Amino acid sequence: MSRLPTLFVSHGSPMLALQDSPARRFLAGLGAALPRPRAVLAVSAHWETIGAPALGCAPRPATIHDFGGFPPALYQIDYPAPGAHDVAERAAALLQAAGLATRRDPGRGLDHGAWVPLRLMYPDADVPVTQLSILHRGDPSAHLRIGRALAALSEEGVLVLASGSLTHNLHAYRGQGVDAPVPDWVTGFGDWMAARLAANDQTALLDYRHAAPHAVQNHPTDEHLLPLFVALGAAGPGARATRLHASVEHGVLAMDAYAFQ
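Presented here is an overview of the structure given in this document. Keep in mind that what you see is a predicted model, and the values were worked out from it rather than measured.

1. Re unusual backbone geometry
(1) Moving on: Its identity is not glycine, yet Asn200 carries a phi of approximately 50°, on the positive side.
(2) Moving on: Of note in this structure, His250 is not a glycine but carries a positive phi near 60°.
(3) Moving on: What makes His250 buried here is its relative accessible area of 11%.

As structure tokens, then:
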């Protein structure tokens, strides 16, 4: 099997599961545009653990509705994909071989950062899935190292799907519509990320909070960007970034997606 790309996708609001937008239409076509994986390792901004990453080992991961104040239809969605225990064990072994402690969580389901894009990409829920946590207060370098440890998975038919948001300042959301005007501080950051990823400038990317324009304004906390560094590392040394999609929802949520290969 040829090496799969690793992916970073922006999941935006949970309403992406129901509400039409360019990003939703992109994700709905993404699964068919890729070689079919035997399993998915999902890395979501919505599962953080302290000290060491964790892997979900549930045989049938539950659909976690980890949000509030949305329409009832959103809470009725179930994504009954089978678990991928073998992939979780393989990932744990790779992390441990790289000197990274890890743990297993047999009760962990799929949060909306995982199931929303997966439901659009693989609506039949027939691709096994396991989820990997990010590190609470971990920096980009730590997540790049995690990704590098997992690089063999892409050669083994496993799709590393990192899910976050290219920009994520919810304090700037004031109920504006999905197609609201986009301020310069959002586009400036997105353009900088696109240029640095295209140049594979990992030094600047790892220091993005100081190097990028409006970095802290776009990411008051950086958990929604950290999955990108896992995907970047998991693509292996010398991997190139391809910007697959760029749009902005509600003026402040950049929905960019990247493939690394």
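There's more to say after this.
2. Topic: the packing of aromatic side chains
(1) Moving on: Taken as a whole, this structure holds 5 aromatic pairs when the rule is applied.
(2) Moving on: An aromatic cluster is present here, built from Phe67, Phe70 and Tyr75 joined pairwise through their rings.

3. Thoughts on the layout of surface pockets
(1) Moving on: If you add up the space inside the largest pocket, you get close to 260 Å³.
(2) Moving on: Surrounding the largest pocket, 15 residues form its lining, Gly12, Ser13, Pro14, Phe70 and Leu170 being those nearest its centre.

4. Some words on the environment of Leu100
(1) Moving on: Considering the arrangement of structural elements, one finds Leu100 in the loop between helix H3 (85-97) and strand E4 (103-105).
(2) Moving on: Taking the C-alpha atoms as reference points, Leu100 and Pro53, separated by 47 residues in sequence, lie 8.4 Å from one another.
(3) Moving on: Each residue touching Leu100, except ones within four places of it in the same chain, is listed here: Leu95, Arg145, Ile146 and Ala149.

Cut-offs and rules
- Residues numbered from 1 in each chain as written.
- Predicted model: local features only at pLDDT ≥ 70, side-chain atom pairs only at ≥ 80, totals over all residues.
- Heavy atoms only, no water.
- Buried < 20%, exposed > 50% of the residue type's maximum accessible area, 1.4 Å probe, protein only.
- Phe/Tyr/Trp six-rings, centres within 6.5 Å; stacked < 30°, edge-to-face > 60°.
- 1 Å grid on protein atoms, 1.4 Å probe; cavity = no way out; pocket = protein on both sides within 12 Å on 5 of 7 lines; lining within 4 Å.
- Points joined across faces, edges and corners; volume = space filled by probe spheres on them.
- Helix = DSSP H or I, 4+ residues; strand = E, 2+ residues; numbered from the N terminus.
- Contact = heavy atoms within 4.5 Å.

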